[in-house]
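Structure at a glance
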Amino acid sequence: MPSENELNESTGAFERVAGEEQSFPTPPWAEQTRTPSMPEYRRRWEKSIADPESFWGELARELVWDRPYDTVLEWNRPFAKWFVGGKLNASVQCLDKHLDSSATDKTAITWIGEPGDRRTLTYRDLYMSVNKLASALKQLGVGRGDRVAVYMPMLPELPIACLACARIGAIHTVVFAGFSSQSLRDRIDDCGAVAVITADGGWRRGSQMRIKDIVDDAVKGASSIKHVVVVKRGGVEFPHSMTHGRDVYYDDLLSSADDFAAPEPMDSEDPLFILYTSGTTGKPKGIFHTHAGYLLGTMVSAREVFDMRDNDVFWCTADVGWITGHSYIIYGPMQNGVSQVMYEGAPNHPTPGRFWEIVEKEKVTVFYTAPTAIRAFMGWGDKWVTPRDLTSLRLLGTVGEPINPEAWRWYHKTIGAGRCPIVDTWWQTETGSISITPLPGATPTKPGSATLPFYGIDAAILDEQGNEVTEGGGLLAIRKPWPAMMRGIWGDENRYRETYWSKWDGKYYFAGDGAYRDKDGYFWIVGRVDDVVNVSGHRIGTAELESAFVEHPAVNEAAVIGVPHKIKGECLIGFVSLCDGQRHSAELAEELRDLIAEKIGKFCRPERVMFVEDLPKTRSGKIMRRLLRDIATGKALGDVTTLADSSALEKLAREYRDE
Ligand code: WTA
C-alpha cells in the first residue's frame, strides 16, 4: 500500500519504511520456462542493454516483414526509431501469421457476456471478421493515416475493430467506454477522427449501458466524424437511434463487404494507435505507438513474462480501453496465438465469485488482474473462492498500481494455492510493454516488489538533481530507448520532450513514479510523484478534474488530491472554494461529485468534496496540495512557513475531521 512508504519532504524522495523481505524462490516448473534461471536472465538482460541492436534484431526475425528493415535503431535523443526502412502490418502478425499453423482453428477468444451469454471465435473467425471490416471501412473511404475512434464495451468486436484499422493503415484510438460523451468528444477533436466504431449498448453490474446515446452526444459537436459504425450487442434491445447517412450497422456493413482486404504495408515507424492518458495538465495526452517496435515489445514480453504456451488459456481482466488491454489482450497474446478469455462485466456480478467461476469453467491457466480487484476479493471473503477448482491456474499477474504485501500473499495463497508464481508488472501507457517484472521460473519474488527490469529496459533511480541512487529511494528513470516506447504525443512534439525527457537534461526518460531500490537491486514502485492519481488502477489527472469543477458557476477554485484507500489504492478528494455569494451545502457537494462523473466518467467520481474558504497557497500563488494531503490523511501539518495565510489551515484541518 502506498502508506507503507513515506515521502521525504526535504529530498523529495520516497523512502521505504516497512520492508517486506520474505523472498519466494523459483517454483519447481522452472525448467520449462524460456528464461530458466537468474544467471540466464542476467546474461540476456546484460546483452539487451550492451547491444540492443543485435538483441532485438534477432528477435525481430520472428515478425513477418513485407520489406526487411535497414537499421535496427536510430537514436536521436529523445526520439527513437526502430527497424527503420522496414514494412509490415500489425494485423498480419496477429492473424495471418497463424493461418497455416495449428493456431488457425484454435479458439482465439472465449467471450463471456455479463448476463452469461458466451461466444467463441477461432483465429480464423477473427481473421475473417477483421478482413471484412477492413474492406468495409475502405469502402467508406477510411484509409491509411486516418484516425478512427473506438468506443465500445468489452465485446469481441472491439479487438476486431482495432485490427481492422491496423490492416488498412488507419490509426485506432480506443476510448474506454466508461468515459463521458464530453471526454470522448475531446479525444475525437484532438486527433480529428473520421469515424467512430461503437455498440448500441452493453452490460455493467446488471444494468444496461446505452453506449450509442453517449456517442450521439459526443459526435454532435465533433465536426470531423463522417461515419458511426454500430455493433448490436444482442440478447436484448438496447434502445438507440440512428442518424441517416452517418450511422451504419456493423452487420449490414459486413454483409456487403469483400472477404479479403490486402494488409497495407506499413512503415515500421507509422503510427498504429493513439491512446489518451492523463498527465499533469488539464488536457489528456494522445500517446502514440508505432507498428514494428510496439509489436515486437508486446510479443516478446507477453511470451516471456506470461510464459505463453500453446495450450494456455490466458485471461487479462483489463478493459481494452486502457493500455493493458491493448498490449495484453490484443497485440501481445494474439501475436503469440494463445487462447484468451474476454469478459464483458464486473467482477462481482451476479456474485463476488464470478471471476473464479469463470476461471474454473474456462480452465484459465494464466490470470492477470489489478491489485484493486485483489483487495476487493479479499474483502468479499474466501468463501467465494474456496468452492471453486482453480487447479488450472499456473501463473498469476498484477498490474496498474503498487500491490500491498498483504494482498500479494492472499493472491499467492488463496488463488494460487502457493503453487503459482506472481508477476508484478510495472509499466505505463508510455512504455507500451511490461518494463519491470519478475520472469516466472527465474526471478525470486518479494511481495510488493516488481523486482527487476525486463530485457532492454535500463532502469535507474535518480534523485532530483540527477544523481543515481543504487540503493534507496528516488525517482524512476530509464536510460536507453526500448522498442515499444511511445513515439510522441499526438500533435505536440515539444510536450513529449518536456514531459518525459527534460527533467535530467535529456539524459533519462522520467516515468513520473517514485521508487525504491533495495540491496538486491529490486525495484519497489511507490506511486506517482506528479498530479496523477491511481484510482482502482485507473490513471486520473487531477488537473483534468479541477478544470471540470471550475466549469460549475458556483465554483471559484478547486484542488483535487488522491489519498490512500483500502480497496481502490487511492481515492479522490476535491477541495473547492466558492464564488462570492455562493453558499455551500451537502446538496452542492453531491451536485459537484455528479458533475465530475458526468463530465469525465463515473470512475472519476470524487469520494468527497470539501468546501474551503481559500485553498492553501504559497506566497507565489501555488496551491499546496501536500498540505491538503496532510489534512485528508490526518497527519500533523508539515512546514507551513511558505504559506501565504497559515491561520486558515488549522481551521480547515478541524473542519475536515469534523465534517
Ligand atoms: C502505475 C498501466 C506499481 C504507475 C499499465 C505507472 C504501477 C502508472 C504498476 C501507469 C505496478 C503500473 N506497480 N505501480 N506493477 N503498474 N503502475 O499508463 O504509477 O494506465 O506510472 O499503465 O500505473 O498507468 P497506465
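Being a predicted model, the structure only gives us computed values, none of them experimental.

1. A closer look at helix α5 (residues 157-168)
Helix length check: α5, at twelve residues, gives a terminal C-alpha distance of 16 Å against a target of 16 Å (1.5 Å per residue), a fit within 8%. Counting buried residues in α5 gives twelve out of twelve residues, a clear majority hidden from the surface. All of the buried residues in α5 are Glu157, Leu158, Pro159, Ile160, Ala161, Cys162, Leu163, Ala164, Cys165, Ala166, Arg167 and Ile168. At the C-terminal side of α5, glycine 169 shows a positive phi close to 85°.

2. Brief notes about the packing of aromatic side chains
Two measures describe an aromatic ring pair: the distance that separates the ring centres and the angle between the ring planes. For the coordinates displayed, the defined rule picks out 43 aromatic pairs. Relative to phenylalanine 603, the ring of phenylalanine 176 has its centre 5.3 Å away and its plane inclined at 75°; by these criteria the two rings are edge-to-face. Residue phenylalanine 176 is located in the loop between β9 (171-174) and α6 (181-191), and its partner phenylalanine 603 is located in the loop between α16 (586-599) and β32 (608-611); the two are separated by 427 residues in the primary sequence. Each member of the pair, phenylalanine 176 together with phenylalanine 603, is buried. Ring pairs connect the aromatic residues Trp75, Phe79, Trp482, Tyr496, Tyr500, Trp501 and Tyr509, which therefore count as one cluster. The ring of tryptophan 504 has lysine 503 lying over it, and the distance from NZ or CZ to the ring centre is 6.0 Å.

3. So, the packing of helix α17 (residues 625-632) against helix α18 (residues 647-658)
For the pair α17 and α18, interaxial distance at closest approach is 9 Å and the crossing angle is 40°. Seen along the crossing, α17 lies across α18 with a hand that is right-handed. Within the contact between the two elements, α17 uses Leu627, Leu628, Ile631 and Ala632 and α18 uses Leu649, Leu652, Ala653 and Tyr656. Looking at side-chain class alone, the contact of α17 with α18 contains eight nonpolar, no polar and no charged residues.

4. Things to note about the side chain of aspartate 312
Take aspartate 312: it is sitting in the loop between α9 (291-305) and β18 (313-316). A polar side-chain atom of aspartate 312 sits 2.8 Å from the main-chain amide nitrogen of arginine 309.

5. Brief notes about the nonpolar core
Of all hydrophobic cores here, the largest spans 123 residues; its most connected members are Phe306 and Tyr331. Filtering out sequence-adjacent residues up to four positions away, tyrosine 331 remains in contact with Ala90, Cys94, Cys162, Leu163, Ala166, His172, Leu272, Phe273, Tyr294, Leu295, Thr298 and His326. Ranked by size, the runner-up nonpolar core spans 48 residues in total, among them Ile225, Trp322, Val576 and Ile596.

6. Comments concerning the site of the ligand
For the ligand, the set of nearby residues contains 17 residues, the closest of which are Asp424, Thr429, Asp513, Arg528 and Arg539. Residue tryptophan 426 places a main-chain N or O atom 3.5 Å away from a nitrogen atom belonging to the ligand. In the environment of the ligand, an oxygen atom lies 2.5 Å from a nitrogen or oxygen atom belonging to the side chain of threonine 429. Taken by itself the ligand offers 530 Å² of open surface, and the protein chains cover 96% of this. Only α10 (323-335), β22 (422-425) and β27 (523-528) provide two or more residues apiece to the shell around the ligand.

7. A word on the sheet that holds strand β26 (residues 509-517)
An order of β23-β24-β26-β27 is seen for the four strands of this open sheet, with the pairing classed as antiparallel. In the strand order of this sheet, the two ends are held by β23 (459-462) and β27, each with one partner. Each strand of the sheet is rotated relative to its neighbour by a mean of 45°, with strand direction disregarded. When strand β24 (residues 472-478) meets β26, the two strands line up antiparallel, connected through six bridges. By the bridge assignment for β26, glycine 473 is matched with tyrosine 516.

8. So, the sheet that holds β18
Read from one edge to the other, the open sheet built from seven strands follows the order β7-β6-β19-β18-β20-β21-β22, with strand pairing classed as mixed. In this open sheet, the two edge strands, each paired with only one partner strand, are β7 (118-122) and β22. Strand after strand, the sheet turns through a mean of 20° between neighbouring axes, direction not considered. Strand direction decides the pairing type here: β18 and strand β19 (residues 339-343), joined by three bridges, are parallel. Across the sheet, phenylalanine 314 pairs through a bridge with glutamine 340, a residue of β19. Contacts between helix α4 (residues 123-139) and the sheet are confined to β6 (107-112) and β7, with β7 contributing the most and set at about 85° to the helix.

9. Focus: the pattern of salt bridges
If the charged atoms of two oppositely charged side chains come close together, the side chains can form a pair. For the structure shown, the criterion picks out 45 salt bridges. A salt bridge links glutamate 304 to arginine 44; its shortest N-O distance comes to 3.1 Å. Pair noted here: glutamate 304 is in helix α9 and arginine 44 is in helix α1 (residues 38-50), with a separation of 260 residues, a long-range link. Of the two residues, glutamate 304 and arginine 44, neither departs from the other in class, the shared state being buried. Residue arginine 605 pairs with glutamate 590 through a salt bridge whose shortest N-O separation is 3.0 Å.

10. Observations regarding the side chain of glutamate 401
Relative to the helices and strands, glutamate 401 is located in the loop between β21 (395-399) and α13 (405-415). Reaching out from glutamate 401, the side chain makes a polar contact with the backbone nitrogen of threonine 372 at a distance of 2.9 Å.

How each quantity is defined
Residues numbered from 1 in each chain as written. Predicted model: local features only at pLDDT ≥ 70, side-chain atom pairs only at ≥ 80, totals over all residues. Heavy atoms only, no water. Helix = DSSP H or I, 4+ residues; strand = E, 2+ residues; numbered from the N terminus. Expected span 1.5 Å × (residues − 1). Buried < 20%, exposed > 50% of the residue type's maximum accessible area, 1.4 Å probe, protein only. Phe/Tyr/Trp six-rings, centres within 6.5 Å; stacked < 30°, edge-to-face > 60°. Lys NZ or Arg CZ within 6 Å of the ring centre and 35° of its normal. Axes fitted to C-alpha atoms, helices over the stretch in contact; angles between N-to-C directions. Left-handed = near helix turned anticlockwise from the far one by under 90°. Contact = heavy atoms within 4.5 Å. Nonpolar A, V, L, I, M, F, W, Y, C, P; charged D, E, K, R; others polar. Polar contact = N/O pair within 3.5 Å; in protein donor to acceptor, adjacent residues only side chain to side chain. Core = buried A, V, L, I, M, F, W, Y, C linked by side-chain atoms within 4.5 Å. Near = heavy atom within 4 Å. Areas by Shrake-Rupley, 256 points an atom, 1.4 Å probe, with all protein chains shown as cover. Pairing = 2+ DSSP bridges. Salt bridge = Lys/Arg side-chain N within 4 Å of Asp/Glu carboxyl O.

Such coordinate-based values are descriptive only and should not be taken to indicate function.
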